[in-house]
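Fold and geometry: a report
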Amino acid sequence: MTQVFLAAADILLTAAGSELALRRRKMQTGLWRVLVIWISGYAAAAAWLVRHGHSGVVVFTIFWSGTFLAWFGMRSHIESSIVLRMLFLLRQRPMTDAELIAAYASHYGEAARVEELHRGGLVVRGRDGIHVTPKGKTVLLFASKLR
Amino acid sequence: MIDMEWFGIGAFALLGLSFYLVRGIRSFLACSAALLVGFALSSSPQAVARPVEWFVMMAGLLASALGLWTVRLMLKRSVSLHLLGRIDGVESVAFHDDIRERLNDLRAFHLVRCRDGRNALSPLGQAVAAIVAACYAMLMING
């Protein structure tokens, strides 16, 4: 049972550390920082289990992987979901479709998204417009294989 | 390693494989549920002897399925990915069409109701919006 509490504490600390590492960055631009923190958290806990002769490394690895995937999915979804953002905007007052779209676009419209893609190194601005970088093309290829 | 751990590794690997092979969201959910039930049944004899390990592994597999399902949803619906594809010339979905589609989702999930031509939060929408506001504050997401 001690191992379970330690694993839970380690995961909570890692999730909190990820938030500090992101510090208002979007997940798409802070993913590497987050990965480093989660891998470090896993390595520390797994090393502790091995050093103290516990047998639960496999169980812990599956639990850790699942927790990371769930955290990553939920965190990214909360951060980028348009539906959730619209619900948040509608807390202020009821809006027509056009007002709601305009309110959303002023918060995270096309220009802001292009800027975020630029910060993430996925697009570059040239004299003749915006172009997708090799990194951006890799992301697109990866996404097309998994859609 | 005990059998339960091998079953857990197998279930985890199969979840990953089904994420790659099964593209439909409902089909993936059905596959995940079948895999979790399969793991639960195959490992049930050892669950009595090692209930804590069994529970932790089950929770890990459930969290994996939930995480992969969310990632699949994002891959299919991400507006930024569509935008990136449009800049690259491989997609044609207009930015505002993507946004407008979400308005239909709000209505389909009964999160808003139309009043005098305006969208107002339904009781369910108010509850979800309150949770969203709390999450934004907790995760320091610009509100």
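The shown structure was predicted, so the numbers you read here are calculated from the model rather than taken from an experiment. (Residues numbered from 1 in each chain as written. Chains lettered and ligands numbered in written order. Predicted model: local features only at pLDDT ≥ 70, side-chain atom pairs only at ≥ 80, totals over all residues. Heavy atoms only, no water.)

What follows is about the packing of helix α2 (residues 27-51) of chain A against helix α3 (residues 57-80) of chain A. Residues and elements named next belong to chain A. Axis separation between α2 and α3 bottoms out at 11 Å; the angle between their running directions is 160 degrees. Between α2 and α3, the angle falls in the class roughly antiparallel. Of the two elements, α2 crosses α3, and the hand of that crossing is right-handed. Of the residues in α3, those in contact with M27, L31, V34, L35, W38, G41, Y42, A45, A46, L49 and V50 of α2 are V57, F60, T61, W64, T67, F68, W71, F72, R75, S76 and E79. (Axes fitted to C-alpha atoms, helices over the stretch in contact; angles between N-to-C directions. Helix = DSSP H or I, 4+ residues; strand = E, 2+ residues; numbered from the N terminus. Parallel < 35°, antiparallel > 145°, perpendicular 65-115°, else oblique. Left-handed = near helix turned anticlockwise from the far one by under 90°. Contact = heavy atoms within 4.5 Å.)

Moving on: the pattern of salt bridges. Evaluation of the coordinates by the stated rule reveals 13 salt bridges over all chains. In this structure, R102 of chain B and D98 of chain B form a salt bridge, with 3.9 Å as the shortest nitrogen-oxygen distance. Taken together, the residues R102 of chain B and D98 of chain B, both in helix α5 (residues 95-108) and four residues apart, mark about one turn of the helix. Note on R102 of chain B: relative accessible area 5%, which makes it buried. Among the residues examined, D98 of chain B registers a relative accessible area of 3% and is labelled buried. Here the salt bridges share partners, and the residues they tie into one network are E115, E116, R119 and R125 of chain A. (Salt bridge = Lys/Arg side-chain N within 4 Å of Asp/Glu carboxyl O. Buried < 20%, exposed > 50% of the residue type's maximum accessible area, 1.4 Å probe, protein only.)

So, about the confidence of the model for chain B. Detailed reading of the predicted coordinates is not advisable wherever pLDDT is low. The predicted model of chain B averages 90 in pLDDT, with 99% of residues at 70 or higher. Across the interfaces of the predicted complex, the ipTM metric reaches 0.86, alongside a pTM of 0.86. (pLDDT = per-residue confidence, 0-100.)

Contact residues are listed per partner, giving 68 residues for chain B and 64 residues for chain A. Per-residue buried area on chain B facing chain A is highest for L84, Y136 and M140 of chain B; these three make up 11% of the total on that side. At the boundary of chain B with chain A, the tally comes to four salt bridges. A salt bridge links D88 of chain B to K137 of chain A, with the nearest nitrogen and oxygen atoms 2.6 Å apart. The interface formed by chain B and chain A contains eleven residue pairs in polar contact (both at pLDDT 80 or more). Taken together, the elements giving at least two residues each to the side of chain B that touches chain A come down to α1 (3-21), α3 (51-77), α4 (79-88), α5, β2 (118-121) and α6 (123-138) of chain B. (Buried area = accessible area lost by both parts, 1.4 Å probe. Polar contact = N/O pair within 3.5 Å; in protein donor to acceptor, adjacent residues only side chain to side chain.)

The biggest cluster of nonpolar side chains holds 49 residues, and the ones touching the most others in it are W38 and W71 of chain A. The dominant element in this core, judged by the number of residues it contributes, is α3 of chain A, at ten residues. What W38 of chain A contacts, discounting residues up to four positions off in sequence, is I11, T14, A15, S18, W64, T67, F68 and W71 of chain A. I78 and L87 of chain A together with V79 and I141 of chain B belong to the second-largest nonpolar core, a separate cluster that totals 30 residues. (Core = buried A, V, L, I, M, F, W, Y, C linked by side-chain atoms within 4.5 Å.)

Let's shift gears to the pairing of strand β2 (residues 129-132) of chain A. All names here are of chain A. Here strand β1 (residues 123-126) pairs with β2 via four bridges, running antiparallel. If you follow V124 over to β2, its bridge partner there is H131. From the end of β1 to the start of β2, which pair antiparallel, there are two residues. (Pairing = 2+ DSSP bridges.)

Within the secondary structure, M140 of chain B is located in the segment after α6. Sequence-distant contacts of M140 of chain B, that is, excluding residues within four places in its chain, are made with E19 and R24 of chain A.

Let us now look at the packing of aromatic side chains. Residues and elements named next belong to chain A. Taken as a whole and assessed by the stated rule, the structure comprises ten aromatic pairs over all chains. Ring geometry for Y42 versus F60: centroids 5.8 Å apart, planes at 5 degrees, classification stacked. Pair noted here: Y42 is in helix α2 and F60 is in helix α3, with a separation of 18 residues, a long-range link. Given the relative accessible area of 23%, Y42 is considered partly exposed. Among the aromatic residues, those joined into a cluster by ring pairs are W38, Y42, F60, W64, F68, W71 and F72. Just above the ring of Y108 sits the side chain of K26; from NZ or CZ to the centre is 4.2 Å. (Phe/Tyr/Trp six-rings, centres within 6.5 Å; stacked < 30°, edge-to-face > 60°. Lys NZ or Arg CZ within 6 Å of the ring centre and 35° of its normal.)

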